[in-house]
Amino acid sequence: MTERKRNVSDVEDERDGEVSGSKKLKDGTGKKRHIAALVLARGGSKGIPLKNIKMLAGVPLVGWVLRAAVDSNMFDSVWVSTDHDEIEKVARAWGAQVHRRSPEVSQDSSSSLDTIQQFSRLNPEVDVICNIQATSPCLHPSHLQEALQLITLQGFQSVFSVVRRYHLRWQEGKKGAGVSTRPLNLDPACRPRRQDWDGELCENGSFYFATRELIQQGLLQGGKMAYYEMLPEFSVDIDVDIDWPVAEQRVLRFGYFGRAQPEVVRLLLCVVCGGLTDGQVLLSASGEEMLSFSTRDTRGIRMLQEEGVEVVLLSSVEEPLSSALCERLTQRTGCPVRQLGADVQADVRAMMAKRSLGWNEVAYLGNDEQDVTCLTLAGLSAVPLHAPTGALNAAKYSCHSGGGRGALREFAEHILLLKKKARAQLEQDRINRHAF
């Protein structure tokens, strides 16, 4: 869906006159401007502890905006400003550099501007800063690309995101103060119909672009200003815990899931130990090995197979399965079991080559350090609950369920949801192309 955006002159400060620098990527000296994305992610959130790295729809909250920033290809550098070690680890795993903010700008009383000014002083090479709000998980690369063009191509000095609201506002009546309520933006005798009213533009907090000069003056909005209008479905802001389940549904529908095209996933590779099972191998008195797995997971396999996705189970060299167990698993699940060697990536590539597949056509459910490379390269990847940190940071989706307890079913549903969304978008694009 195309965003509505307006480069309006009525929000400009005409007193500032001409825009400093050119309307291109270069400044007045011909030097290419350094444009940086900066996400503020303090560790001391009072509402939700470590909210910025809490999992939202299988991804750390800050990961959603970092993925959008990195994939926009508009920034010379992408940063997270934090005071917390765990947030730093997640930020680096999602492709960001880290600015370790000082204690002076990490207090409850510290403003965003204080932190941005400190970052600007310590990084004098940065000419334009885009402060992206970590709690806006439905941000897409196109939002950042189109907004930044207002600065690079049209010469604005600051650009901020807004959403159009149709709220009828009233002044609060205060007891004992003699203040009665009154309308603020309507005439009760002539209430506007929605279709007859343009509504009001409200900041949604998703991002604020500003030049270094404005930031040094203590401003995020100033000079020649423009707003970028985002549609309501993308204007998601998480402030309190009760928003979380609602936000997950919004993100699953309107979030940005990366450059991979989910509709082309043709193969799911799933490790048996820790993925299909909980990693335990039971031994009978007679020495027979036994595994347990969830029927929810086997149903997930069948759901994928019904949609034309092949599923292959993987047995690792660290936890090899007996031939009898492999045969029983194949009979039970309808999936072949492949024994991996020490070089997991090489074995996976051989399976892909046999099927003439690229990484964007592969989904991977892994569980441990040996899976990290494949988790990183696969178009879609996931780990079960309680996976080691290395695998967790490499995966594009983190399951709420554990291995052998529904993780495979959950990932299957995620894959099918993304494929459904991708097909719907392709159909919408087809309709748009043929519209007249």
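The structure reproduced in this document is the subject of the present report. In this text, all values refer to a predicted model and were calculated from it rather than measured experimentally.

Some details on the overall build of the protein
A tally of regular secondary structure across the protein gives 13 helices and 17 strands. Relative to its full complement of 436 residues, the protein shows a buried share of 50%. Counting contacts in the protein only where the partners sit at least 6 residues apart, residues at least 24 apart contribute 67% of the total. Approximately 21,300 Å² of the protein is accessible, and the part contributed by carbon and sulfur atoms is 50%.

Regarding the environment of G358
With respect to the helices, strands and loops of the structure, G358 is situated in the loop between helix 10 (344–354) and strand 15 (362–365). Sequence separation between G358 and R266 is 92 residues, and the spatial gap between their C-alpha atoms is 9.7 Å.

Notes on the packing of helix 1 (residues 61–71) against helix 4 (residues 141–152)
Their axes nearest at 8 Å, the elements helix 1 and helix 4 cross at an angle of 50°. When the axis of helix 1 is compared with that of helix 4, the two are oblique. In this structure, the crossing between helix 1 and helix 4 has a hand that is right-handed. Contact with helix 1, carried on its side by A68, A69 and D71, involves P141, L144 and Q145 of helix 4 and no other residues of that element. When the residues that make up the contact of helix 1 with helix 4 are grouped by side-chain class, the tally is 4 nonpolar, 1 polar and 1 charged.

Observations regarding the pairing of strand 5 (residues 97–100)
Examined bridge by bridge, strand 4 (residues 77–82) and strand 5 share 4 bridges and lie parallel to one another. Looking across to strand 5, one finds that W79 is bridged to Q97. This β-α-β element, strand 4 to helix 2 (residues 85–93) to strand 5, shows right-handed connectivity.

Rules behind the numbers
- Residues numbered from 1 in each chain as written.
- Predicted model: local features only at pLDDT ≥ 70, side-chain atom pairs only at ≥ 80, totals over all residues.
- Heavy atoms only, no water.
- Helix = DSSP H or I, 4+ residues; strand = E, 2+ residues; numbered from the N terminus.
- Buried < 20%, exposed > 50% of the residue type's maximum accessible area, 1.4 Å probe, protein only.
- Contact = heavy atoms within 4.5 Å.
- Areas by Shrake-Rupley, 256 points an atom, 1.4 Å probe, with all protein chains shown as cover.
- Axes fitted to C-alpha atoms, helices over the stretch in contact; angles between N-to-C directions.
- Parallel < 35°, antiparallel > 145°, perpendicular 65-115°, else oblique.
- Left-handed = near helix turned anticlockwise from the far one by under 90°.
- Nonpolar A, V, L, I, M, F, W, Y, C, P; charged D, E, K, R; others polar.
- Pairing = 2+ DSSP bridges.
- Right-handed = clockwise from strand over helix to strand, strands pointing away.

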